[in-house]
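Analysis of the macromolecular model
The chain contents come next:
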Amino acid sequence: MPPGRNSDAVDRRARIVSDSVSEAALIAETPGPRTRESLAEDLRRAGLRAGDVLILHSSLKAVGWVSGGPVAVLLAFQDVLTETGTLIVPTQTSHLTDPAGWENPPVLQDWVPIIRASVPAFDPLRTPSRDMGAIAETLRTWPGALRSAHPHVSFAAWGRHADHITRDHQLAWSMGEGSPLHRAYSLDARTLLLGTRSCTSLHLAEALSGTVGTTSAAGAVIQDGRRVWATFPDWDYSTDVFPEILEAFCADHQVPEHRIGSASSLLLDQRALVDFAVDFLRRSAQDGAPRRP
């Protein structure tokens, strides 16, 4: 037997057992199977409508055990939004940022030039997202879905405005004016936090507020048909104050909590949230509050 063959088999069996235990626990925690139909009813009860432009942040596990997994979840969204609506998800790729700045985990400094020279260029069709969840990753390859071409903070979209949302995503100022987030804002989008409190739209507020610094970003992209390592300016984004902003917004606007499957969920007006966050950040800056701990 070649070296490592047996240990590889053991590792595979361990992963299978771990996944089985995890799914068994999820089944035990779910009162009954979540289905395409039951989730669609939950979405309608929460206030989602046909024709809505929706930015979705999601945790599949939080929904409970779903008959059909992420495919059933997305079909439920399509049933409610219909083809007149638009579904948008973040499909970010933090593993394609400049390795010189990696922290979780960092790499050895003598690796950095090798990674820069060898990492494949971002490809909207082929490059998987990272840490965005199973629902977003499934929509990325969904028939009819489109994806923007930013190497770090791309978005995928399905529906009426998918082309408008994803087209010409500029490298510089990646989540500011002209970005998919800003185009959604211009379409009076809504944001659903499905079993999570992550909210990318608050990065748009950072960009519009004028309170954040700038940085230099870089990544491998295709330009004029060939791979290049591109450097571009961007906002120095941070999520440090996002929980505080979201809590303040929900209290100020009396945002109700909804249950979609088992998931604690918030359905938000994106424009109202971003405008509130811009004001929050500007007031904090005037008060001399530190931008970061």
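So, how was this worked out
- Think of each chain on its own: its residues are numbered from 1, step by step along the sequence as written.
- Note on the predicted model: pLDDT of at least 70 is required for a residue's local features to be given, and 80 or more for side-chain atom pairs to be given and counted; whole-chain, interface and lining totals, by contrast, use all residues.
- The side-chain values count all of the structure's non-hydrogen atoms but skip hydrogen atoms and water molecules.
- Strand pairing is defined by DSSP finding a minimum of two bridges between the two strands.
- We count a stretch as a helix when DSSP gives it H or I for four or more residues in a row; a strand needs E for two or more, and each element gets its number in order from the N terminus.
- Contacts are assigned to residue pairs that have any heavy atoms within 4.5 Å of one another.
- Angles run from 0 to 180 degrees between N-to-C directions of axes, and those axes are lines fitted to C-alpha atoms, restricted for helices to the stretch in contact.
- Scored from 0 to 100, pLDDT records how confident the predictor is in each individual residue.
- Each residue is assigned to one of three classes by its accessible area relative to the maximum for its type, calculated with a 1.4 Å probe on protein chains only: buried under 20%, partly exposed between the two thresholds, exposed over 50%.
- Picture the helix axis, draw a direction to every C-beta atom, and the arc is the one those directions span.

Overview of the sheet that holds strand β1 (residues 53-58)
Taken in spatial order, the 7 strands make up an open sheet running β3-β4-β2-β1-β5-β9-β8, and their pairing is mixed. For this open sheet the edge positions go to β3 (146-147) and β8 (258-260), each flanked by a neighbour on one side alone. As judged from the 5 bridges shared by strand β2 (residues 86-90) and strand β4 (residues 155-159), these two strands associate in the antiparallel manner. From the neighbouring strand, T86 faces β4, where its bridge partner is G159. Packing of helix α4 (residues 69-81) onto the sheet brings it into contact with β1, β2, β4 and β5 (190-194), and relative to β2 it is tilted by some 145 degrees. Against the sheet, helix α11 (residues 270-286) touches β1, β5 and β9 (263-269), its axis set at about 80 degrees to β9.

Structural notes on the confidence of the model for the protein chain
Scored by pLDDT, the protein chain comes out at a mean of 92, with 91% of its residues at no less than 70. Segment residues 1-19 is flagged for pLDDT under 50; beyond a separation of four residues in sequence, or across chains, it makes 1 contact in the model.

Structural notes on helix α2 (residues 36-46)
Listed as buried for α2 are L39, A40, D42, L43 and A46. Buried residues of α2, viewed axially, fall in a sector of 160 degrees; they line one side. In α2, those exposed residues whose orientation departs by more than 90 degrees from the buried face are E37 and R45. Downstream of α2 by a residue or two, G47 has a phi angle that is positive, lying close to 115 degrees.

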